[in-house]
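So you can see what is in the structure, the chains are spelled out below.
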Amino acid sequence: MPVEITWWGHATCTVEDSNVRVLTDPLFARRLAHLRRRRGDLPPPGAREADVALVSHLHADHLHVPSLMRLAPGTRLLVPRGARRAVPGLRRLTHLRVSEVAPGDETPVGDVVVRAVPARHDGRRLPLGPHRAPALGYVIAGEARTYFAGDTGLFDTMAEEVGPVEVALLPVGGWGPYLGEGHLDAGRAAEALARLAPCNAVPVHYGTYWPIGMDAVRPHEFHAPGDEFVRLAAGRAPEVAVHRLGHGESVRLKGTR
């Protein structure tokens, strides 16, 4: 059975594996604070359908309570341990089955097992609040093992912590003219690809949101990361097939476990 990956924009993807629909970092907003969606239509209502939704960390462009409110009743939601204390709005999601997870925790969903893995990223709910929760990635293991990195920087034990994977969904940019610490740009994502050595990769987390009024400020940081990742990955990890998707586009990959 093939694995199908759909990129809806930013870090929001649907992974369909073994008849299980996994939704990553759901964000269905046209505008978020000072950010505006500049490319790609809003995901259609069908994008909200999932057996389980994964939240990688507490930043509002990844843990967006209004978007989570739109998920169907009974949907499982995995969030970093400590998220409910740090984000009181999560307590309103009484229609979802919310579980807090930490690195190493495994959650069976149908014929898929979701394993939380470490990430290197600021785990606070910015700009307010002292509470932290660990930033996470996830490995979705079914017909294939798919790594969703969330937001992360490179770290020495990345390949060891993630383990063998066939598909990697890697962030290659961000939502502003400069990337801070704890992020992957196209070059660092290509290095991560070389370390992880999957069969397939899909670049995400670029070319969707941008600060209002800053269209002319370093616009290449908005437009270029996807193509730049394809180019750099060909040099650093030529054995990996890189699939640069447009917003709402899908790719079907043969399961290889």
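Each value, and the rule that gives it
Residues numbered from 1 in each chain as written. Predicted model: local features only at pLDDT ≥ 70, side-chain atom pairs only at ≥ 80, totals over all residues. Heavy atoms only, no water. Core = buried A, V, L, I, M, F, W, Y, C linked by side-chain atoms within 4.5 Å. Buried < 20%, exposed > 50% of the residue type's maximum accessible area, 1.4 Å probe, protein only. Helix = DSSP H or I, 4+ residues; strand = E, 2+ residues; numbered from the N terminus. Contact = heavy atoms within 4.5 Å. Axes fitted to C-alpha atoms, helices over the stretch in contact; angles between N-to-C directions. Parallel < 35°, antiparallel > 145°, perpendicular 65-115°, else oblique. Left-handed = near helix turned anticlockwise from the far one by under 90°. Nonpolar A, V, L, I, M, F, W, Y, C, P; charged D, E, K, R; others polar. Pairing = 2+ DSSP bridges. Arc of directions from axis to C-beta. Polar contact = N/O pair within 3.5 Å; in protein donor to acceptor, adjacent residues only side chain to side chain.

Asks: Can you walk me through the nonpolar core in this structure?
Replies: Soluble globular proteins tend to pack their nonpolar side chains together in the buried interior. In terms of nonpolar packing, the biggest core is built from 51 residues, with Tyr 138, Tyr 147, Leu 170, Leu 193 and Phe 229 touching the most fellow members. The biggest single contributor to this core is helix H4 (residues 186-196), with five residues. Once you skip the residues sitting within four places of it in the chain, Leu 170 turns out to touch Tyr 147, Ala 149, Ala 189, Ala 192, Leu 193, Leu 196, Val 202, Pro 203, Val 204 and Phe 229. Counting residues in hydrophobic clusters, the runner-up holds 22 residues, among them Phe 28, Ala 47, Val 55 and Leu 93.

Asks: Explain the packing of H4 against helix H6 (residues 225-236) to me, please; I cannot follow it from the model alone.
Replies: Axes are the key here: two packed helices are described by the angle between their axes and the distance separating the axes. Contact pair H4 / H6: the axes reach a minimum separation of 8 Å and the direction vectors enclose 40 degrees. Regarding the angle of H4 to H6, the classification is oblique. Of the two elements, H4 crosses H6, and the hand of that crossing is right-handed. Residues Ala 186, Gly 187, Ala 189, Ala 190, Glu 191, Leu 193 and Ala 194 of H4 touch H6, and the partners they reach there are Pro 225, Glu 228, Phe 229, Leu 232, Ala 233 and Arg 236. Along the lines of polarity and charge, the residues of the contact of H4 with H6 split into nine nonpolar, one polar and three charged.

Asks: Got a minute to help me understand the sheet that holds strand S9 (residues 106-109) in this structure?
Replies: Hydrogen bonding along the main chain pairs the strands of a sheet, whether they run parallel or antiparallel. Ordered in space as S9-S10-S11-S12-S13-S14-S16, the seven strands form an open sheet in which the pairing is mixed. Strand pairing shows two members of the sheet lacking a second neighbour, S9 and strand S16 (241-242), which therefore form its edges. Where strand S14 (residues 200-204) and S16 come together, two bridges link them in parallel fashion. Looking at S16, one finds that Asn 200 is bridged to Ala 241. Against the sheet, H4 touches strand S12 (145-148), strand S13 (167-171), S14 and S16, its axis set at about 160 degrees to S13.

Asks: It is not clear to me how H4 should be interpreted in this structure. Could you clarify?
Replies: If you check which residues of H4 are buried, you get Ala 186, Ala 189, Ala 190, Ala 192, Leu 193 and Leu 196. On an axial view of H4, the arc spanned by its buried residues comes to 160 degrees, and they lie on one face. Tucked inside the fold, the buried residues of H4 contact S12, helix H3 (158-162), S13, S14, H6 and S16. The distance from a side-chain oxygen at the start of H4 to the backbone nitrogen of Gly 187 is 3.2 Å, and the residue carrying that oxygen is Asp 185. A positive phi of about 55 degrees marks Ala 197, the residue just after H4.

Asks: Just checking my understanding: could you explain unusual backbone geometry for this structure?
Replies: Backbone phi values are negative for most residues with the exception of glycine, while trans is the configuration of most peptide bonds. Of note in the backbone geometry, His 10 takes a positive phi value of approximately 50 degrees without being a glycine. Structurally, His 10 is set in the loop between strand S1 (3-9) and strand S2 (12-17). Residues other than glycine seldom take positive phi values, yet Ala 33 does so here, at roughly 50 degrees. Relative to the elements of secondary structure, Ala 33 occurs in the loop between strand S4 (31-32) and strand S5 (35-37).

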